[in-house]
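Spelled out, the chains give:
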Amino acid sequence: QVQLVESGGGLVQAGGSLRLSCAASGRIFSINRMGWYRQAPGKQRELVASINSGTSTNYADSVKGRFTISRDNAKNTVYLQMNSLKPEDTAVYYCNAGLWATRWEYDDNYWGQGTQVTVSS
């Protein structure tokens, strides 16, 4: 079993900052890719940012220059630093991981329970 536990969501005014964390635990041999997705009411889930096992990152155009993704491999944890938040960033943010549970078992469909981020205008 693998668990992804997110923390750090909340209510913030426009222009403010939040830092999300996601810790992976359980039967983990190695983590490849980790990422953050978000889903606003009535909209599809979308990729916000991702980071691979090295330092390669990928961002949605809407968050480039404002959000920064990073990871601590020793702690199996990924972070999302969100600055200059806008009301349109309001959504439930989900952590996602692609990992090997054993040397031979890979799955990229591990998800956290989600954390609410609300940005007021």
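See the structure printed just above.
These remarks concern the structure in this document. (Residues numbered from 1 in each chain as written. Predicted model: local features only at pLDDT ≥ 70, side-chain atom pairs only at ≥ 80, totals over all residues. Heavy atoms only, no water.)

1. Things to note about the overall build of the protein
Right, on to step 1. In terms of regular secondary structure, the protein is built from zero helices and 11 strands.
Right, on to step 2. Moving toward the C terminus, one meets the helices and strands of the protein in the order β-β-β-β-β-β-β-β-β-β-β.
Right, on to step 3. Projecting the C-alpha coordinates of the protein onto the three principal axes gives extents of approximately 50 × 25 × 25 Å.
Right, on to step 4. Among the 121 residues that make up the protein, the fraction classed as buried is 42%.
Right, on to step 5. Pairs at least 24 apart in sequence give 55% of the contacts found in the protein among residues at least 6 apart.
Right, on to step 6. For the protein, the computed accessible surface area is about 6400 Å², with 46% contributed by carbon and sulfur atoms.
Right, on to step 7. Between the averaged position of the 12 positive side-chain charges in the protein and that of its 9 negative side-chain charges there is a distance of 4 Å. (Helix = DSSP H or I, 4+ residues; strand = E, 2+ residues; numbered from the N terminus. Buried < 20%, exposed > 50% of the residue type's maximum accessible area, 1.4 Å probe, protein only. Contact = heavy atoms within 4.5 Å. Areas by Shrake-Rupley, 256 points an atom, 1.4 Å probe, with all protein chains shown as cover. Lys, Arg positive; Asp, Glu negative; His and termini not counted. Charge placed at Lys NZ, Arg CZ, Asp CG, Glu CD.)

2. Thoughts on the side chain of Ser21
Right, on to step 1. Turning to its location among the elements, Ser21 is positioned in strand β3 (residues 18–26).
Right, on to step 2. For Ser21, a relative accessible area of 18% gives the class buried.
Right, on to step 3. With residues up to four places along the chain from it excluded, the contact list for Ser21 reads Val5, Glu6, Ser7, Trp36, Val78 and Tyr79.

3. What to know about the side chain of Asp89
Right, on to step 1. Looking at the element boundaries, Asp89 is found in the loop between β8 (77–82) and β9 (91–100).
Right, on to step 2. For Asp89, a relative accessible area of 1% gives the class buried.
Right, on to step 3. Looking at Asp89, its side chain comes within polar contact range of the side chain of Arg38, at 3.0 Å.
Right, on to step 4. For Asp89, the side chain forms a polar contact with the main-chain nitrogen of Lys86, separated by 2.8 Å. (Polar contact = N/O pair within 3.5 Å; in protein donor to acceptor, adjacent residues only side chain to side chain.)

4. Quick notes on the state of the cysteines
Right, on to step 1. Applying the stated criterion to the full structure yields one disulfide.
Right, on to step 2. Put simply, Cys22 and Cys95 are joined by a disulfide, and their sulfur atoms are 2.1 Å apart. Of note, the bridge from Cys22 to Cys95 carries an S-S torsion of about -80 degrees and is left-handed in sense. On the criterion of sequence distance, the pair formed by Cys22 in strand β3 and Cys95 in strand β9 is long-range, its members being 73 residues apart. For the pair Cys22 and Cys95, one class covers both residues: buried. (Disulfide = S-S within 2.5 Å.)

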